[in-house]
Amino acid sequence: MLQPRERHIVAAVRDLDGANRRELAELTGLPRTTVTAAVASLIARGLLTETDGPAVTRRAGRPSPTVRIDLSRKTVAAVELGRRSQSVSLMGFDGRVLSRADIEFDQAQPFEAVAAGLAAAADTVACDATEVSAMVVSVTMPFRRGAGAPQVPMYSAGEMHFAPAKARRPNWLLTDPSAALTEALGIPVVIENDINLAALGESGHGAARGAHTAVYLSVVPGFGAGIVIDGRLYRGAGGVAGELAHVSVREDGDLCVCGNRGCYTTARRNGPSLADDIASALGRNMSLDEVIELAAEGDVAVRRWLADVGRSMAEPLAGFVTMLNPDLLVVDSALGSAAAPVVEGLRDTIERRTSPMTFQGLEIRPGQLTASAIPAGAAVLAAQRYVDCLVGLTPSRRLGGLGAMG
Ligand SMILES: [Zn+2]
């Protein structure tokens, strides 16, 4: 347990993203000698660490050692229950990939088997010397802290079908299983949406480092967006902020699986079906990976298709960009070098559909973490929750939509 003044100091280190002792004394209002003694004790207990030179050049003059939160000894098992594959990565809280393995995981099993499967996944990547400190499970459906995956009627071709809804939302996710999994596994377990994690990964360790308001745009697994403000995930009141696929763009369009009409996802085709479109246009079968490869090689038709995807995304995005005023849009990490034409199409159309004052400060970039955006996001989330737990949650943090961690 931390003393109140120690909590104060750790919170200041977190908020400044690394600080020297003088800055800590100024920010906390504590005497310099008190700060020095507390920092020494926190370093000795492995909670803080010290590096040479300043974190950020905030002042002129001789650089003094920077105190940071020590994340080097903590690890998180990032379990990805993806649409195309399932895997587990052991990540340092500082974002290092320590090991990774593919797994087979049946989401339709009862809770006890799910818990056993997740424990086995953690064992797969843990080596004897490394203790797994936490687990983050990435799921493909929207997920609301404390409630689970939202239960919405799912429709198909105008008729209600309950079976697909069940298939999309496995029983163990119908209520939030975090607390039960935490108890079963003996480490904090958190469930999070995959696109939110990719957004957080790019924010902490990729293309969106240092951005104030970053919006991550997913294309490959499905259309969607993850919003990161000041390094923190913004989930919205119901945990479904950024559901780009379900922005209605055609009032008289097709009925969507969500029950709305003319959603963007009904009007445009995303990753896997995009590959089918390109394949039929080129007259041969092609996987998404092949499409990405062709784009990287400069194939004109494929690049044209991807630029069109970028242009079409501006339609549901333009109003949102105007309202939110982000400084950065990051395009799907999984697209790799095939993201460039999407970025071009997006930039071109967003510029035309937003005012100069909105567009002026907006950057649009491809994601950097081609294969590891989601595990990197799991590391960021686990580290943030660990530090929040150390210092105790403040009201402003709670407004950011973070629940307490066990
Ligand atoms: Zn919809």
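A few points on the structure. What you see is a predicted model, and the numbers here were worked out from it, not measured in a lab.

## Regarding the overall build of the chain
Secondary structure assignment for the chain yields 15 helices and 14 strands. For the chain, long-range pairs separated by at least 24 residues make up 62% of all intrachain contacts whose partners lie at least 6 apart in sequence. Just so you have it, the chain exposes about 19000 Å², and 51% of that area is on carbon and sulfur atoms.

## Observations concerning the packing of aromatic side chains
This structure, assessed with the given rule, holds three aromatic pairs. Pairing Phe223 with Tyr264 gives two aromatic rings, centres 4.7 Å apart and planes at 50°, and the pair type is tilted. Taken as a pair, Phe223 in the loop between strand 10 (213-218) and strand 11 (224-229) and Tyr264 in helix 8 (residues 264-267) lie far apart in primary sequence, 41 residues in all. With relative accessibility at 6%, the residue Phe223 sits in the buried group.

## As for the packing of helix 1 (residues 4-16) against helix 2 (residues 21-28)
Interaxial distance between helix 1 and helix 2 falls to 10 Å at its minimum, and their mutual angle equals 110°. Between helix 1 and helix 2, the crossing angle belongs to the class labelled roughly perpendicular. Helix 1 and helix 2 meet at a crossing whose hand is right-handed. Only Glu23, Leu24, Leu27 and Thr28 of helix 2 make contact with helix 1, whose side of the interface consists of His8, Ile9, Ala12, Val13 and Leu16. A class-by-class count of the residues in the contact of helix 1 with helix 2 yields six nonpolar, two polar and one charged.

## Structural notes on the pattern of salt bridges
Once the charged atoms of two side chains with opposite charge are near each other, the side chains can pair. Summed over the entire model, instances satisfying the criterion amount to 17 salt bridges. With a closest N to O distance of 2.5 Å, Asp70 and Arg73 form a salt bridge. Between Arg232 and Asp388 there is a salt bridge whose closest N-O contact spans 2.7 Å. Of this pair, Arg232 sits in strand 12 (residues 232-234) while Asp388 is found in helix 14 (residues 373-391), placing the two residues 156 residues apart along the sequence.

## Some points on the sheet that holds strand 6 (residues 134-139)
Ordered by their spatial adjacency, five strands build an open sheet running 5-4-3-6-9, and the pairing between neighbours is mixed. The open sheet terminates on both sides in strands that have one partner only, identified here as strand 5 (97-102) and strand 9 (189-193). Across this sheet, the average inter-strand angle for adjacent strands is 20°, counted without regard to direction. As judged from the five bridges shared by strand 3 (residues 75-81) and strand 6, these two strands associate in the parallel manner.

## What about the sheet that holds strand 11?
The strand order 12-11-10-13-14 describes an open sheet built from five strands, whose pairing is mixed. Looking along the sheet, the strands with just one partner apiece sit at the ends: strand 12 and strand 14 (363-366). When the angles between neighbouring strand axes are averaged without regard to direction, this sheet yields 25°. Across the face of the sheet, helix 7 (residues 194-205) comes into contact with strand 10, strand 11, strand 12 and strand 13 (328-331) while running at roughly 45° to strand 11.

## Focus: helix 2
Regarding helix 2, the residues found buried are Arg21, Glu23, Leu24, Ala25 and Thr28. Remark: Gly29 follows helix 2 within two positions and exhibits a positive phi of approximately 75°.

Procedures and definitions
- Residues numbered from 1 in each chain as written.
- Predicted model: local features only at pLDDT ≥ 70, side-chain atom pairs only at ≥ 80, totals over all residues.
- Heavy atoms only, no water.
- Helix = DSSP H or I, 4+ residues; strand = E, 2+ residues; numbered from the N terminus.
- Contact = heavy atoms within 4.5 Å.
- Areas by Shrake-Rupley, 256 points an atom, 1.4 Å probe, with all protein chains shown as cover.
- Phe/Tyr/Trp six-rings, centres within 6.5 Å; stacked < 30°, edge-to-face > 60°.
- Buried < 20%, exposed > 50% of the residue type's maximum accessible area, 1.4 Å probe, protein only.
- Axes fitted to C-alpha atoms, helices over the stretch in contact; angles between N-to-C directions.
- Parallel < 35°, antiparallel > 145°, perpendicular 65-115°, else oblique.
- Left-handed = near helix turned anticlockwise from the far one by under 90°.
- Nonpolar A, V, L, I, M, F, W, Y, C, P; charged D, E, K, R; others polar.
- Salt bridge = Lys/Arg side-chain N within 4 Å of Asp/Glu carboxyl O.
- Pairing = 2+ DSSP bridges.

These results come straight from atomic positions and should not be treated as a statement about function.
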